[in-house]
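Descriptive analysis of the structure
Residues per chain are reported as follows:
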Amino acid sequence: GVCFDFSYNDQKYIFTLTEINPGDTTVWLSGDGFSLIECVLYSGNQQFELYQENAPIIPAIVIEGKTYANVNLTSNGANAYYWAKGIGLIKRRETNGTVINTYTLLRNN
């Protein structure tokens, strides 16, 4: 007989963004998933699940005086993440109750 193996492997992304200060390194945001629009993000003791079938693209956005083109916006309602190709996360907005925290990329190496 003939046997076919139709099993396959997906590529899973795991990432960690760290905040580096003199003498201290803190995990700022981490996540895992099969893409940046279908993933779980972890921030401190909070967990955000993101899934968007068709994530909107912003043609141009200015963050901290720098213009980024074709920015992908992913959100799960109260929380939003802005991703620039070749750069990564450039802006993050998180809502916890009535408190809204916004973080922006100041520089990248």
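Use the structure listed above.
Everything quoted here is computed from the prediction, not taken from an experiment.

Now for the nonpolar core. The nonpolar side chains of a soluble globular protein tend to be buried, and buried together. In this structure, Ile61, Ile63, Tyr68, Val71, Leu73, Ala80, Tyr82, Ala84, Ile90 and Leu105 together form the largest nonpolar core, which totals 10 residues. Listing elements by their share of this core, those giving two or more residues are β5 (57-63), β6 (66-75) and β7 (80-84). With residues near it in sequence (within four places) discarded, Tyr68 still touches Pro59, Ala60, Ile61, Ile63, Ala84, Ile87, Ile90 and Leu105. Formed by 7 residues, the second largest nonpolar core is a distinct cluster that contains Leu29, Cys39, Leu41 and Leu89.

Looking now at the pairing of β6. Of the strand pairs in this sheet, β5 and β6 are connected by 6 bridges, and their pairing is antiparallel. In the strand pairing of β6, Ile57 is matched with Asn72. Judged from the 4 bridges that link them, β6 and β7 form a sheet pairing that is antiparallel. Within the sheet, the bridge partner assigned to Asn72 lies in β7 and is Trp83. The turn joining β6 and β7, which pair antiparallel and follow one another in sequence, is formed by 4 residues; a positive phi near 95° is taken by Gly77.

Within the structure shown, the criterion is met by 1 salt bridge. Of the charged contacts in the structure, one is a salt bridge between Arg92 and Glu94, with a shortest N-O distance of 2.6 Å. The pair Arg92 / Glu94 is uniform in exposure class, with both members buried.

Before going further, it helps to spend a moment on the side chain of Thr74. With respect to the helices and strands, the residue Thr74 is situated in strand β6. In terms of polar contacts, Thr74 uses its side chain to reach the side chain of Trp83, at 2.9 Å.

Conventions used here
- Residues numbered from 1 in each chain as written.
- Predicted model: local features only at pLDDT ≥ 70, side-chain atom pairs only at ≥ 80, totals over all residues.
- Heavy atoms only, no water.
- Core = buried A, V, L, I, M, F, W, Y, C linked by side-chain atoms within 4.5 Å.
- Buried < 20%, exposed > 50% of the residue type's maximum accessible area, 1.4 Å probe, protein only.
- Helix = DSSP H or I, 4+ residues; strand = E, 2+ residues; numbered from the N terminus.
- Contact = heavy atoms within 4.5 Å.
- Pairing = 2+ DSSP bridges.
- Salt bridge = Lys/Arg side-chain N within 4 Å of Asp/Glu carboxyl O.
- Polar contact = N/O pair within 3.5 Å; in protein donor to acceptor, adjacent residues only side chain to side chain.

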